[in-house]
Amino acid sequence: MKERWDEVKHIQVPLSLKEFRTDLHIHSCLSPCGDLLMSPRKIVEKAKEEKLDIISITDHNSAENVLATIKAGTEKQIAVIPGIEITSEEEVHIIGLFEGIEDLLEIQKLVYEKLLPGENNEGLFGEQIIANENDEVEGFNKRLLIGATSLSAQRIVELIHSFRGLAIASHIDREGFSIIGQLGIIPENLPLDALEISPQLNLKEAKKKFNQYCRYPFVSFSDAHFLEDIAKVYTIFLLGKPTLEEIKRALREEAGRKILE
């Protein structure tokens, strides 16, 4: 193990870097397209079974199952990073990851204000279940979470960054709801922190196919909507501890932190 130095209360202590298996794009039963079995506790149990160390629940335009997953994750020693997948007015999916639940809930409030009007059609899109850490149903979200917001992709990235979050373009290799599929390109002035590749394409192939975007780090997550898809693909980070700040440093390749291939 390489040793690095982190500052704790102005005292330098050695910090060993370790490998963390990470899946930061998972949908719970709150997402209308998520399977009803994708409850907070079952997601955490499956993540533990697949030997994941860090996960994130990134439901469509909502974060109401994140706190329950964090609580379930604490019991199983799975780190849960607060997250959301926001749909822009151009119908581009962008993942936002945050250090704390408070920042995420502020983003959720803004997303709800900009979500296009309408009520979820459960018969057409599926139920949007809010559950607690014991997998008990707490309620149903009636908003049209499958829809878009009136926020541009540029504005979404700006908002995520204003709350010290990470902005990742979802599944750029797919036609539907990806930034390349919807816009044709990734705009030069869009300050994304990383590009996600879906399970359909491995990272080596993706870097060849999208070599014009090599200025961005590439990551690969499952975008799981069913339990069996969790950890179908994942990214291994070399980190000091399982936090968003460490992942930020890995994306920037700082102090030995990095993505392992």
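The present account deals with the structure reproduced in this document. (Residues numbered from 1 in each chain as written. Predicted model: local features only at pLDDT ≥ 70, side-chain atom pairs only at ≥ 80, totals over all residues. Heavy atoms only, no water.)

### Here we look at the overall build of the chain
- Along the chain, the regular secondary structure elements total 8 helices and 14 strands.
- Taking 261 residues into account, the globule formula puts the C-alpha radius of gyration at 18 Å, and the chain, at 18 Å, falls close to it.
- Counting only residues that meet the buried cut, the chain has 55% of its 261 residues in that class.
- Put simply, 67% of the contacts in the chain that link residues at least 6 apart link residues at least 24 apart.
- In the structure as shown, the chain presents an accessible area of about 12100 Å², 50% of it carried by carbon and sulfur atoms.
- Each charge sign in the chain was given a centre, from 31 positive and 44 negative side chains, and these centres are 6 Å apart. (Helix = DSSP H or I, 4+ residues; strand = E, 2+ residues; numbered from the N terminus. Rg over C-alpha atoms; globule rule 2.2 N^0.38 Å. Buried < 20%, exposed > 50% of the residue type's maximum accessible area, 1.4 Å probe, protein only. Contact = heavy atoms within 4.5 Å. Areas by Shrake-Rupley, 256 points an atom, 1.4 Å probe, with all protein chains shown as cover. Lys, Arg positive; Asp, Glu negative; His and termini not counted. Charge placed at Lys NZ, Arg CZ, Asp CG, Glu CD.)

### Overview of the environment of Val233
- Tracing the backbone shows Val233 in the loop between strand 12 (218-220) and strand 13 (235-239).
- In this structure Val233 comes out as buried when scored by relative accessible area, which is 19%.
- Measuring from C-alpha to C-alpha, the distance between Val233 and Ser222 comes to 5.1 Å, with 11 residues separating the pair along the chain.
- Excluding its chain neighbours within four sequence positions, the residues that come into contact with Val233 are Asp23, Pro199, Ser220, Phe221 and Ser222.

### Examining the sheet that holds strand 4 (residues 54-57)
- Spatial ordering of the open sheet is given by 5-4-3-13-14, a layout of 5 strands whose pairing is mixed. Looking at the sheet topology across the chains shown, the edges are occupied by strand 5 (79-80) and strand 14 (258-260).
- Here strand 3 (residues 18-26) runs beside strand 13; their pairing, made up of 5 bridges, is antiparallel. Along strand 13, the bridge assignment pairs Lys18 with Leu239. (Pairing = 2+ DSSP bridges.)

### A closer look at the pattern of salt bridges
- Here the structure, examined in full by the defined rule, presents 16 salt bridges.
- Note that Glu50 is salt-bridged to Lys46, the shortest N-O span being 3.0 Å.
- Judged by its relative accessible area of 15%, Lys46 is buried.
- A salt bridge links Glu122 to Lys142; its shortest N-O distance comes to 3.1 Å. You can see Glu122 sitting in helix 4 (residues 122-125) and its partner Lys142 sitting in the loop between strand 9 (137-140) and helix 5 (153-162), a full 20 residues away along the chain.
- Look at Lys142 and you get partly exposed, because its relative accessible area is 43%.
- Beyond isolated ion pairs, a larger network of salt bridges with shared partners links Glu245, Glu246, Arg249, Arg252, Glu254 and Arg257. (Salt bridge = Lys/Arg side-chain N within 4 Å of Asp/Glu carboxyl O.)

### Topic: the layout of surface pockets
- What the largest pocket holds in volume is close to 170 Å³.
- Of the residues assigned to the lining of the largest pocket, the class counts are 8 nonpolar, 1 polar and 3 charged. (1 Å grid on protein atoms, 1.4 Å probe; cavity = no way out; pocket = protein on both sides within 12 Å on 5 of 7 lines; lining within 4 Å. Points joined across faces, edges and corners; volume = space filled by probe spheres on them. Nonpolar A, V, L, I, M, F, W, Y, C, P; charged D, E, K, R; others polar.)

Function cannot be inferred from these measures alone, as they are strictly geometric.
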